Amino acid sequence: MGHTKGGFSEAGLRRLREVLARYVDSGRIPGLVALVGRGDETHVEVLGTMRHDGGAPMRRDTIFRMASTSKPVTIAAAMVLLDECRLRLDDLVEPWLPELADRQVLKRIDGPLDETVPARRPITVRDVLTSTFGLGMDMTSLGTPIMNAVFEQGLTPNLPVPMPEPDEWMRRLGELPLMYQPGERWQYHISSDLLGVLVARVTGRPFEEFLSERVFEPLGMRDTGFHVPADRLDRLPPLYAPHPQTGEFLVWDEAEGGRHSKPPAFAGGGGGLNSTADDYHAYFRMLLNGGMHGGERILSRPAVELMTTNRLTPEQNAARNAMATGNVHVSHGQGQHGGWGFGMAVRTYRGDYAPVGQFGWDGGSGTATYADPVNQLTGILLTQVGASTPDSTQLIHDFWTTLYQAVDD
């Protein structure tokens, strides 16, 4: 057996640290926080510095831009509304999102925006929750008129101009045709931002306020939100987007005066959160515990089961696989092996070291957050290096490969 520590072998944890340290010592990743949990045991590694040129060390409570790892967390707001019967999966979204009534759908994905047919049916809540409502960041359709229009209208994050406030964002979204028929095809990202608008309109409150009150506060996620308050900005490192050819550390977003230093006009459920390893651990452990946190129920067990199991048909999933395998230079396996629930990926076959049933997602800011019901395992890896080079994605891959070897029963 060897020596174990809460379901991890000591030798395995040592190797995990060595693999992580390789990236930091080589200068490819300035710093990182890695958290692994099984049952009541938590093991944390904190390596390197906040900035690429040294200075303050990384800390366990360093705050990171979570990017797309926001998706599996922000979805919980919608699940609260489903639990309370304030939303139903097959309700039409039109009463809340009238901008999306009477949709037109492109005849072909690369065609002009005025060559359309009427939508065969209206958009439902289920379509939004499963990312199949008809619009998304389609990496396989870059350069088409519709994708160009999505970018020109400022409908996605990470453009030079921030996204407009929700009502204006909805107005612009409503001017575009759908790319596919409602419910037909899985498409990335836009549905996660749309979800926040839906929740805000159903509750009559800002999305961030409802999410904070119903999810973050009960879980004790004190450092999680859509901006970092001034008195905590010293805990936020810069976000680097290294030059794809030279590897030079270019600053994509500075802490002071940066995109996360004040409340955004649009609180984006698809990528807007800032958080810490411990806050995310609390959330994913709640999911592993079937919706319970301590003695308090955050979500119902069936809500968690819906979120964390595959909701896609094989046809819908073909598009998801195409995204993962078609961007293979920044892929690290996690996105390739299976389906999608609500707001997160779900393993449906064993394509690498993680078992079927593992759920979670990754962020383009060099973050990865997954839980695994088979091993009752949580793994969270946070860096400040974006995926403009393969470094952070390779680190994430090696983290999972090594972590699964450290699991010891």
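Note on numbering: residues in each chain are counted from 1, in written sequence order. Only residues with pLDDT of at least 70 are given local features in this predicted model, and only at 80 or more are side-chain atom pairs given and counted; all residues enter the totals for whole chains, interfaces and linings. Computation of side-chain values: all heavy atoms of the structure, hydrogens and water removed.

## Section: the pairing of strand E3 (residues 31-38)
Line of reasoning, step 1. Along E3, 8 of the 8 residues are buried, which leaves the element largely enclosed by surrounding structure.
Line of reasoning, step 2. Under the scheme applied here, a residue whose accessible area is under 20% of the maximum for its type counts as buried, over 50% as exposed, and between as partly exposed, the area being computed with a 1.4 Å probe on protein chains only. For helices the rule is a DSSP run of H or I covering at least 4 residues; for strands it is a run of E covering at least 2, with both sets numbered from the N terminus onward. Burial along E3 is two-sided: the residues Gly-31, Val-33, Leu-35 and Gly-37 and Leu-32, Ala-34, Val-36 and Arg-38 are all buried.
Line of reasoning, step 3. Direction of pairing for E3 relative to strand E4 (residues 41-51): antiparallel, over a ladder of 8 bridges. Looking at the pairing, Ala-34 lines up with Glu-45 of E4.
Line of reasoning, step 4. Criterion used throughout: strands pair if DSSP finds at least two bridges between them. Between E3 and E4, which pair antiparallel one after the other, the connecting turn spans 2 residues, and Gly-39 there sits at a positive phi close to 60°.
Line of reasoning, step 5. Two strands pair when backbone bridges link them, and E3 and strand E18 (residues 377-383) are joined in this way by 7 bridges, in the antiparallel orientation. Residue pairing in the sheet places Leu-35 in a bridge with Ile-380 of E18.

## A closer look at unusual backbone geometry
What is expected of a backbone is that most residues other than glycine have negative phi and most peptide bonds are trans.
Line of reasoning, step 1. Positioned with a positive phi, Asp-102 is a non-glycine residue whose angle comes to about 50°.
Line of reasoning, step 2. Position of Asp-102 among the secondary structure elements: in the loop between helix H2 (71-83) and strand E7 (104-106).
Line of reasoning, step 3. Phi is positive for Gln-376, close to 50°, though the residue is something other than glycine.
Line of reasoning, step 4. Of note, Gln-376 is situated in the loop between strand E17 (367-372) and E18.

## A few points about the pattern of salt bridges
Pairing between side chains of opposite charge can happen when their charged atoms approach one another.
Line of reasoning, step 1. Any Lys or Arg side-chain nitrogen found within 4 Å of a carboxyl oxygen on Asp or Glu counts as a salt bridge. Overall, the coordinates contain 24 salt bridges when judged by the stated rule.
Line of reasoning, step 2. A salt bridge links Arg-232 to Asp-223; the shortest N-O distance between them is 3.0 Å.
Line of reasoning, step 3. Assessed through its relative accessible area of 18%, Asp-223 is described here as buried.
Line of reasoning, step 4. Connected through shared salt-bridge partners, Arg-59, Asp-61, Asp-223, Arg-232 and Arg-235 make up one network.

## Side note on the packing of aromatic side chains
Any two aromatic rings considered together are summarised by their centre-to-centre distance and by the angle between their planes.
Line of reasoning, step 1. Here a Phe, Tyr or Trp ring, Trp counted by its six-membered ring, pairs with any other such ring whose centre lies within 6.5 Å, and the pair is stacked when the planes are under 30 degrees apart, edge-to-face when over 60, and tilted otherwise. The tally for this structure, following the rule as stated, stands at 13 aromatic pairs.
Line of reasoning, step 2. An aromatic cluster of three or more residues is present, and its members are Trp-186, Tyr-188, Trp-340 and Trp-361.

## Section: the pairing of E4
Line of reasoning, step 1. Where E4 lies against strand E5 (residues 54-57), 2 bridges are found, and the strand directions are antiparallel. From the neighbouring strand, Arg-51 faces E5, where its bridge partner is Gly-54.
Line of reasoning, step 2. Hairpin connection, E4 to E5: the antiparallel pair is bridged by 2 residues.

## Points about the sheet that holds strand E16 (residues 359-363)
Line of reasoning, step 1. The strand order across the open sheet formed by 8 strands is E5-E4-E3-E18-E17-E16-E15-E14, and the pairing between neighbours is antiparallel. The sheet terminates laterally at E5 and strand E14 (338-340), the two strands that pair on one side only. Recorded for the sheet is a direction-independent mean angle of 20° between the axes of neighbouring strands.
Line of reasoning, step 2. Two strands pair when backbone bridges link them, and E16 and E17 are joined in this way by 5 bridges, in the antiparallel orientation. An axis is simply a line fitted to the C-alpha atoms; with a helix, the fit covers only the stretch in contact. Between two such axes, the angle follows the N-to-C directions and lies from 0 to 180 degrees.

## Some points on the nonpolar core
Line of reasoning, step 1. The definition of a nonpolar core used throughout is a set of buried Ala, Val, Leu, Ile, Met, Phe, Trp, Tyr and Cys residues joined through side-chain atoms within 4.5 Å. Residues Leu-129, Trp-169, Tyr-283, Leu-287 and Leu-299 are the most contacted members of the largest nonpolar core, which totals 116 residues.
Line of reasoning, step 2. With 9 residues, the single largest contributor to this core is H2.
Line of reasoning, step 3. In what follows, a contact means two residues having at least one pair of non-hydrogen atoms within 4.5 Å. Every residue in contact with Leu-287, bar those within four places of it in the chain, is listed here: Leu-299, Val-304, Met-307, Thr-308, Met-344 and Phe-359.
Line of reasoning, step 4. Counting residues in each nonpolar core, the second largest holds 5 residues, with Ile-63, Leu-233, Leu-236 and Ala-255 among its members.

## Notes on helix H8 (residues 277-288)
Line of reasoning, step 1. A helix is expected to reach a length of 1.5 Å times the quantity of its residues less one. Compared with an ideal rise of 1.5 Å per residue, which puts 12 residues at 16 Å, H8 spans 16 Å between its outermost C-alpha atoms and is within 8% of the ideal.
Line of reasoning, step 2. Counting buried positions along H8 yields 10 of 12 residues, so the element is predominantly enclosed.
Line of reasoning, step 3. Looking one or two places after H8, you find Gly-290, whose phi comes out positive at around 65°.

## Here we look at the packing of H2 against helix H6 (residues 190-203)
Line of reasoning, step 1. Taken N-terminus to C-terminus, the directions of H2 and H6 make an angle of 30°; their axes are 10 Å apart at the nearest point. On the basis of their axis angle, the class for H2 and H6 is roughly parallel. As for the relative orientation of H2 and H6, their crossing is left-handed in sense. Contacts between H2 and H6 involve Lys-71, Thr-74, Ile-75, Ala-77, Ala-78 and Leu-81 on the former and, on the latter, Ser-192, Leu-195, Val-199, Val-202 and Thr-203.
Line of reasoning, step 2. Across the contact of H2 with H6, the residue classes tally to 7 nonpolar, 3 polar and 1 charged. Roughly parallel covers angles under 35 degrees, roughly antiparallel covers those over 145, roughly perpendicular covers 65 to 115, and oblique covers all other angles. Left-handed describes a crossing whose near helix is turned anticlockwise from the far helix through less than a right angle; right-handed describes the clockwise counterpart. In the scheme used here, Gly and all other residues not listed as nonpolar or charged are polar, with Ala, Val, Leu, Ile, Met, Phe, Trp, Tyr, Cys and Pro taken as nonpolar and Asp, Glu, Lys and Arg as charged.

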